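# Structure assessment
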Amino acid sequence: MKNQSDKPNKAYKFRMYPTEEQKKYFAKTFGCVRFVYNRMLADKLAKKKSVTPAKYKKEYEWLAEVDSLALCNAQMNLNKAFANRKQNPKHFGKPRFKSRKNRQSYSTNNQKGSVRIVDGKIKLPIVGFVKIKQHRDIVENSVIKTVTISKTPTNEYYVSILVEYKSQVQKVVPKNFVGLDYSMHELYVSSDGDIPKYPKFYRKSEKKLSRVQRRFSRKVKGGNNRERFRKRLSKIHEKTANRRKDFLHKLSYNLIAKYDCICVEDLNMQGMSRALKFGKSVHDNGFGLFQRMLEYKCDWFGKTFVKIDKFEPSSQKCHCCGYKNPATKDLSVREWRCPKCGAYHDRDVNAAINIREAGKKLI
């Protein structure tokens, strides 16, 4: 990811351990940011004259108690939502009002050292120093641009730090290529025949999840028992997501260490989950997230990431002679023989090889 100054950005996410007083301030800021966003959205939908968050402070004095940059960022997020809607109305829906049940977070900017890390603590505007678990070092000669403070449904606090740095990575000339064909059950099949054997984290936790969900639904709304089971439910979801991310991070690093160029298909994962009615399986393996990891990590290490057109007949074409099947093969057909050259193909490996070759041509 690069900004207007052509310097790359990198993000870090650390666990925070705020005091009770700091938690109260975070809760107040989350609420103020949500209020400003919703108020500005309501005014915009009513076609009222647009105002800045500073104008609202005259009517709502308690808005002055929180970081003003957090309120400005809420306005910028709303303007960006409308701009995206205008640019691509088919992909982006109308901006929606934020609820307390939504993800609680706010962003602020670093101005003249107002945000900095010192001895395992991060300095934030107004709130002061907050203890963090810094599990890795930030890249040298970098400048902190923005930070986002967030709270999970299980009452854990995190800070995401976006830094700008001068890249010294040399672009690697691609020599080793690999194609990855999406596989619903195994995540992918590579052109070398490698299969990662995805552990299906959601499927493994589904039985426990449904049991806790049933008990949660029987509890009285507003009661302590319901809140206790809500946290248990959120904890299962968070653990499943964290295990998935950990697996995908390690897998993407291994691929980038082994190959100079990684080629994949430009698939619409959301559309695929709806069209094929395989929603759970498609969302469980997180192939869309895996693609994003590969893309930005290739950029970090000077490697090449290529997306080929989704209409490329990768699984219908023989990689040996180029023969293309006149009719689309059903998904149940996993192996086939080329009628032209007689080569026998595994459907997924053949598709991965075609993806690799199509990626070479694009480069």
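Read on for an overview of the structure. (Residues numbered from 1 in each chain as written. Predicted model: local features only at pLDDT ≥ 70, side-chain atom pairs only at ≥ 80, totals over all residues. Heavy atoms only, no water.)

What follows deals with the overall build of the protein chain. The helix and strand tally for the protein chain stands at nine helices and 13 strands. Judged by the C-alpha coordinates and their principal axes, the protein chain covers about 80 × 55 × 45 Å. Within the protein chain, buried positions represent 41% of all 363 residues. Put simply, 68% of the contacts in the protein chain that link residues at least 6 apart link residues at least 24 apart. Total accessible area on the protein chain is roughly 22,200 Å²; 49% of this is exposed by carbon and sulfur atoms. (Helix = DSSP H or I, 4+ residues; strand = E, 2+ residues; numbered from the N terminus. Buried < 20%, exposed > 50% of the residue type's maximum accessible area, 1.4 Å probe, protein only. Contact = heavy atoms within 4.5 Å. Areas by Shrake-Rupley, 256 points an atom, 1.4 Å probe, with all protein chains shown as cover.)

A word on the pairing of strand S6 (residues 142-151). The sheet contact formed by strand S2 (residues 104-109) and S6 spans six bridges and is antiparallel. Looking at the pairing, serine 105 lines up with serine 150 of S6. Sheet topology places S6 next to strand S7 (residues 157-165); nine bridges connect them, and they run antiparallel. Residue pairing across strands places valine 147 opposite isoleucine 161, the latter belonging to S7. (Pairing = 2+ DSSP bridges.)

Membership of the largest hydrophobic core comes to 34 residues, with the highest contact counts inside it found for Met16, Phe26, Ile122, Leu124 and Val147. The set of elements that each furnish at least two residues to this core consists of strand S1 (9-17), helix H1 (20-45), helix H3 (68-87), strand S4 (121-124), strand S5 (128-133), S6 and S7. Core analysis: the second largest hydrophobic core is formed by 26 residues, Met184, Met269, Leu294 and Cys298 among them. (Core = buried A, V, L, I, M, F, W, Y, C linked by side-chain atoms within 4.5 Å.)

Mapped onto the fold, arginine 334 is located in the loop between strand S11 (304-308) and strand S12 (335-337). Residue arginine 334 is classed as partly exposed on the basis of its relative accessible area, which comes to 36%. Put simply, arginine 334 and aspartate 348 are 14 residues apart on the chain and 7.4 Å apart in space, counted from C-alpha to C-alpha. Setting aside residues up to four positions removed in sequence, arginine 334 forms contacts with His345, Asp346, Arg347 and Asp348.

Okay, the packing of aromatic side chains next. Counted according to the given criterion, the structure contains 16 aromatic pairs. Taking the centre distance of 6.1 Å and the plane angle of 70° together, the rings of phenylalanine 201 and phenylalanine 247 count as edge-to-face. With a gap of 46 residues between them, phenylalanine 201 in helix H4 (residues 201-218) and phenylalanine 247 in helix H5 (residues 224-258) connect regions that are remote in the sequence. A centroid spacing of 6.1 Å and a plane angle of 45° characterise the contact between phenylalanine 287 and phenylalanine 290, whose relative ring orientation is tilted. (Phe/Tyr/Trp six-rings, centres within 6.5 Å; stacked < 30°, edge-to-face > 60°.)

A cluster of like positive charges, contributed by Lys200, Lys204, Lys207, Lys208, Arg211, Arg214, Arg215, Arg218, Arg228, Arg232, Lys239 and Arg243, occupies part of the molecular surface. When residues of the positive patch are traced back to their parent elements, those giving at least two are H4 and H5. Broken down by element, the positive patch gets its largest block of residues, seven residues, from H4. Note on placement: arginine 214 falls in helix H4. Of the residues examined, arginine 214 reaches a relative accessible area of 45% and is grouped as partly exposed. (Patch = residues over 30% accessible without salt bridge, like charges linked within 9 Å, V, L, I, M, F, W, Y side chains within 5 Å. Salt bridge = Lys/Arg side-chain N within 4 Å of Asp/Glu carboxyl O. Lys, Arg positive; Asp, Glu negative; His and termini not counted. Charge placed at Lys NZ, Arg CZ, Asp CG, Glu CD.)

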